[in-house]
Amino acid sequence: MTELLRVEDVVRTFGGVRAVDGASFAVADHSVTGLIGPNGAGKSTLFATIAGSLKPDSGRIVFGSARIDRRPVHRIARAGLVRTYQAARVLTRMTVLDNVLLASAAHPGERLAGLVLRPGAARAHERRILERAHDLLALVRLESHAHAYAGTLSGGQRKLLDLARVLMLEPSLVLLDEPMAGVNPALREELLERILAIRRDRGVTFLIVEHDLDFVMQAADSVVVMNEGKVILVGTPGEVRVDERVVDAYLGKAH
């Protein structure tokens, strides 16, 4: 197993409370890893810490071969680790296509000198990113909505658009924050299929925080279980389903 991400003894506190308490696990390259646990387990805090929006009090986060736990968010994203949010962040008064195009980075026409000195390069780049945007919209099956306003999309379609937007950055690891939250049942299978297809066809690795255990068990190769800030188990979906520690964490020891 080649590790793409390693979380080592990460601690994050708020007012003396250890929201994340010595968490350690690894994410294999080209895998789908689920991060689960009951409410208050520390999943969202750990997720934000990996993405860079929170800094750990101690511990290390290694992405590829580089330590990233002290880097700013934009540098982590440029390195190839990006995230989505539970509420899809789309620009509702722009078209679906423009939402995707806006996510592209390093356009030579962003600076006046680039337009004046390298107009051909700017036009060629525009063609490439337009082709890529259409390709990604086709991948998430939103191509027919390309020229519609993003505000007309359903909650599930906005999740798919959000996924297309982060893929414009050509990441190697995508952190998905509750992709099933607010998604119509008719689109749940669609979203699962798209995630697995992107992993299979494009080699993108996923780390997914999700409350929908059925989705996690279907999607994930490996599952990380948290409770009270600690990682209590890392295993396959089959192992997690029958582990007493997981049952206790979700249902209480009285059960």
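Residues numbered from 1 in each chain as written. Predicted model: local features only at pLDDT ≥ 70, side-chain atom pairs only at ≥ 80, totals over all residues. Heavy atoms only, no water.

Chemist: Looking at this structure, how should I read the nonpolar core?
Modeler: Burial of nonpolar side chains together is a common tendency in soluble globular proteins. Core analysis: the largest hydrophobic core is formed by 47 residues, its most contacted members being Leu161 and Phe206. Sorting elements by how many residues they give to this core places helix α6 (residues 155-167) first, with six residues. What Phe206 contacts, discounting residues up to four positions off in sequence, is Ser31, Val32, Thr33, Leu163, Leu173, Val174, Leu176, Ile195, Ile198 and Arg199. Val7, Val27, Leu35 and Val209 belong to the second-largest nonpolar core, a separate cluster that totals 25 residues. (Core = buried A, V, L, I, M, F, W, Y, C linked by side-chain atoms within 4.5 Å. Buried < 20%, exposed > 50% of the residue type's maximum accessible area, 1.4 Å probe, protein only. Helix = DSSP H or I, 4+ residues; strand = E, 2+ residues; numbered from the N terminus. Contact = heavy atoms within 4.5 Å.)

Chemist: Just checking my understanding: could you explain the environment of Met226 for this structure?
Modeler: Tracing the chain through its elements places Met226 in strand β9 (residues 222-227). The spacing of Met226 and Ser53 is 173 residues in sequence and 20 Å in space, taken between C-alpha atoms. Beyond its immediate sequence surroundings of up to four residues, Met226 is in contact with Leu35, Ile36, Gly37, Pro38, Ala41, Gly42, Lys43, Leu46 and Val231.

Chemist: Help me understand α6, please; the structure alone is not making it clear to me.
Modeler: Each α-helix turn comprises 3.6 residues. Residues three or four places apart therefore point the same way. For α6, built from 13 residues, the straight-helix expectation of 18 Å at 1.5 Å per residue is met to within 8% by its first-to-last C-alpha distance of 19 Å. Among the 13 residues that make up α6, 11 are buried, leaving the element largely enclosed by the rest of the structure. Taken as a whole, α6 has its buried residues at Gly156, Gln157, Lys159, Leu160, Leu161, Asp162, Leu163, Ala164, Arg165, Val166 and Leu167. (Expected span 1.5 Å × (residues − 1).)

Chemist: Where do I start with the packing of aromatic side chains in this structure?
Modeler: Between two aromatic rings, the relevant description is the distance of the centres plus the angle of the planes. Within this structure, the stated rule accounts for zero aromatic pairs. A cation sits over an aromatic face here: Arg89 above Tyr85, 3.6 Å from the ring centre. (Phe/Tyr/Trp six-rings, centres within 6.5 Å; stacked < 30°, edge-to-face > 60°. Lys NZ or Arg CZ within 6 Å of the ring centre and 35° of its normal.)

Chemist: Any chance you could explain the pattern of salt bridges here in plain terms?
Modeler: Pairing of side chains with opposite charge becomes possible as their charged atoms draw close. In the structure shown here, the tally under the stated rule is 15 salt bridges. Here Arg60 and Glu8 are joined by a salt bridge, their closest N and O atoms 2.9 Å apart. With Arg60 in strand β4 (residues 58-63) and Glu8 in strand β1 (residues 3-14), the pair connects residues that are 52 residues apart, well separated along the chain. Two residues, Arg202 and Asp135, come together in a salt bridge whose shortest N-O distance is 2.6 Å. You can see Arg202 sitting in helix α7 (residues 185-202) and its partner Asp135 sitting in helix α5 (residues 119-139), a full 67 residues away along the chain. Each of Arg18, Asp21 and Lys230 takes part in a single network of salt bridges with overlapping partners. (Salt bridge = Lys/Arg side-chain N within 4 Å of Asp/Glu carboxyl O.)

Chemist: How do you make sense of unusual backbone geometry when you look at a structure like this?
Modeler: For residues that are not glycine, phi is negative in most cases, and the peptide bond is trans in most cases. Of note in the backbone geometry, Asp9 takes a positive phi value of approximately 50 degrees without being a glycine. Although it is not a glycine, Glu228 sits at a positive phi angle of roughly 50 degrees. Here Glu228 lies in the loop between β9 and β10 (230-235). The exposed category is assigned to Glu228, whose relative accessible area is 63%.

Chemist: Quick question: what am I supposed to make of the sheet that holds strand β2 (residues 17-28) here?
Modeler: Adjacent strands of a sheet form backbone hydrogen bonds with each other and so pair up, either parallel or antiparallel. Here we have four strands laid out as an open sheet, ordered β2-β1-β4-β5, and antiparallel in their pairing. Single-partner strands in this sheet number two, and they are β2 and β5 (66-67). Pairing of β1 with β4, which is carried by five bridges, proceeds in the antiparallel orientation. Opposite Val7, over in β4, you have Ile61 as the bridge partner. (Pairing = 2+ DSSP bridges.)

Chemist: So what exactly am I meant to see when it comes to empty space enclosed by the protein here?
Modeler: Think of a ball as big as a water molecule: rolled over the atoms, this probe shows where empty space is left. The full count for this structure, using the stated rule, is one cavity of 30 Å³ or more. Lining the largest cavity are Thr84, Tyr85, Lys159, Asp162, Leu163, Leu176, Asp177, Glu178, Pro179, Leu191 and Ile195. Listed by contribution, the elements that provide at least two residues to the lining of the largest cavity are α6, β7 (173-177) and α7. Considering each element in turn, the lining of the largest cavity owes the most residues, three residues, to α6. Looking at the lining of the largest cavity, its residues break down into six nonpolar, one polar and four charged. (1 Å grid on protein atoms, 1.4 Å probe; cavity = no way out; pocket = protein on both sides within 12 Å on 5 of 7 lines; lining within 4 Å. Points joined across faces, edges and corners; volume = space filled by probe spheres on them. Nonpolar A, V, L, I, M, F, W, Y, C, P; charged D, E, K, R; others polar.)

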